[in-house]
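Results of the structural survey
Listed here are the chains, written in short residue letters.
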Amino acid sequence: MAQERTYTGVMGSIQRLNTALEANSADLPHLEGARQRLAALLTQTQENAKTQAALTASKQETSKQLRTLVVESQRVANAVRALLKEHYGLRSEKLAEFGLQPFRGRIRKAKPAAPGAPPPPAPPPAAPPQDQP
C-alpha cells in the first residue's frame, strides 16, 4: 500500500485506522490508551484544519481589502502632494520636507549648429611635454 503524502490523505488514513481500532477495541485492550490519544490528536488536527480553512478565506478577503485601501491611499496622497506644491510653490525648498523635489530649473543643452554655419573652432592641441636635463 502506497504511503500518503498530502494532509488530506494522511488524515484519511489516520481516520480509517482510528475507526478500525474503535471497532476492535474489545480485542485490543492493551492499545486503549494509544487509541484514545490518537482519537484526541485526530480531533485536534481536524479542528486546526477547519481553522486554517477559515483563516485562508479571511486572509483572501483581507488581501482584497488591503489592495483597495492601498489604491485609495495612493490617490489621496497624490492629491495632497499636488496641494502642497500649490500651497508652498513649485520652487520652495519646504517641499523637500514632504519628500517632494522642488523645481530648480532645468539644465539646457547647447544648441546644435545651424546648417551651413562653420563648425566651432577645435581646441588647440596640447603641447608635448619637454624633457628637462
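Our subject is the structure that appears above.
Residues numbered from 1 in each chain as written. Predicted model: local features only at pLDDT ≥ 70, side-chain atom pairs only at ≥ 80, totals over all residues. Heavy atoms only, no water.

What to know about the overall build of the chain
Looking only at helices and strands, one finds 2 helices and 0 strands in the chain. When each of the 133 residues of the chain is scored for burial, the buried share is 9%. Sequence separation of at least 24 residues holds for 18% of the intrachain contacts in the chain that already meet a minimum separation of 6. Put simply, the chain shows about 12,200 Å² of open surface, and 58% of that area lies on carbon and sulfur atoms. (Helix = DSSP H or I, 4+ residues; strand = E, 2+ residues; numbered from the N terminus. Buried < 20%, exposed > 50% of the residue type's maximum accessible area, 1.4 Å probe, protein only. Contact = heavy atoms within 4.5 Å. Areas by Shrake-Rupley, 256 points an atom, 1.4 Å probe, with all protein chains shown as cover.)

Topic: helix H1 (residues 7-23)
Across its 17 residues, H1 extends 24 Å between first and last C-alpha, which sits within 8% of the 24 Å expected from 1.5 Å per residue. Taken as a whole, H1 has its buried residues at Gly9, Asn18 and Leu21. Of the surrounding secondary structure, the elements contacted by the buried residues of H1 are helix H2 (32-88). (Expected span 1.5 Å × (residues − 1).)

Some points on H2
The end-to-end C-alpha distance of H2 is 80 Å, a good match for the 84 Å that 57 residues give at a rise of 1.5 Å each. One or two residues past the end of H2 sits glycine 89, with phi positive at roughly 100°.

What about the pattern of salt bridges?
Counting across every chain of the model gives 4 salt bridges. Across the pair arginine 35 and glutamate 32 runs a salt bridge, and its minimum N-O distance is 2.6 Å. Placement of the pair is arginine 35 and glutamate 32 together in helix H2, with a separation of 3 residues, close to one helical turn. Between glutamate 93 and arginine 104 there is a salt bridge, with the nearest N and O atoms lying 2.8 Å from each other. Of this pair, glutamate 93 sits in the segment after H2 while arginine 104 is found in the segment after H2, placing the two residues 11 residues apart along the sequence. Glutamate 93 sits in the partly exposed class, given a relative accessible area of 46%. Through salt bridges with shared partners, a single network forms among Glu22, Glu32 and Arg35. (Salt bridge = Lys/Arg side-chain N within 4 Å of Asp/Glu carboxyl O.)

Considerations on the environment of glutamine 15
Mapped onto the elements, glutamine 15 comes out in helix H1. Residue class for glutamine 15 comes out partly exposed when judged on its relative accessible area of 31%. Along the primary structure glutamine 15 and threonine 43 are separated by 28 residues, whereas in three dimensions their C-alpha atoms are 9.7 Å apart.

As for the side chain of asparagine 18
Structurally, asparagine 18 can be placed in helix H1. Judged by relative accessible area, which is 5%, asparagine 18 ranks as buried. Aside from chain neighbours lying at most four places away, what touches asparagine 18 is Arg35, Leu38, Ala39 and Leu42.

What about the packing of H1 against H2?
Orientation of H1 relative to H2, taken along the N-to-C sense of each, is 145°, at an axis distance of 10 Å. Like other packed secondary-structure pairs, H1 and H2 cross with a definite hand, here left-handed. Across the interface between the two elements, Met11, Ile14, Gln15, Leu17, Asn18, Leu21 and Glu22 from H1 touch Arg35, Leu38, Ala39, Leu42, Thr45 and Gln46 from H2. Residue composition of the contact of H1 with H2, by class: 7 nonpolar, 4 polar and 2 charged. (Axes fitted to C-alpha atoms, helices over the stretch in contact; angles between N-to-C directions. Left-handed = near helix turned anticlockwise from the far one by under 90°. Nonpolar A, V, L, I, M, F, W, Y, C, P; charged D, E, K, R; others polar.)

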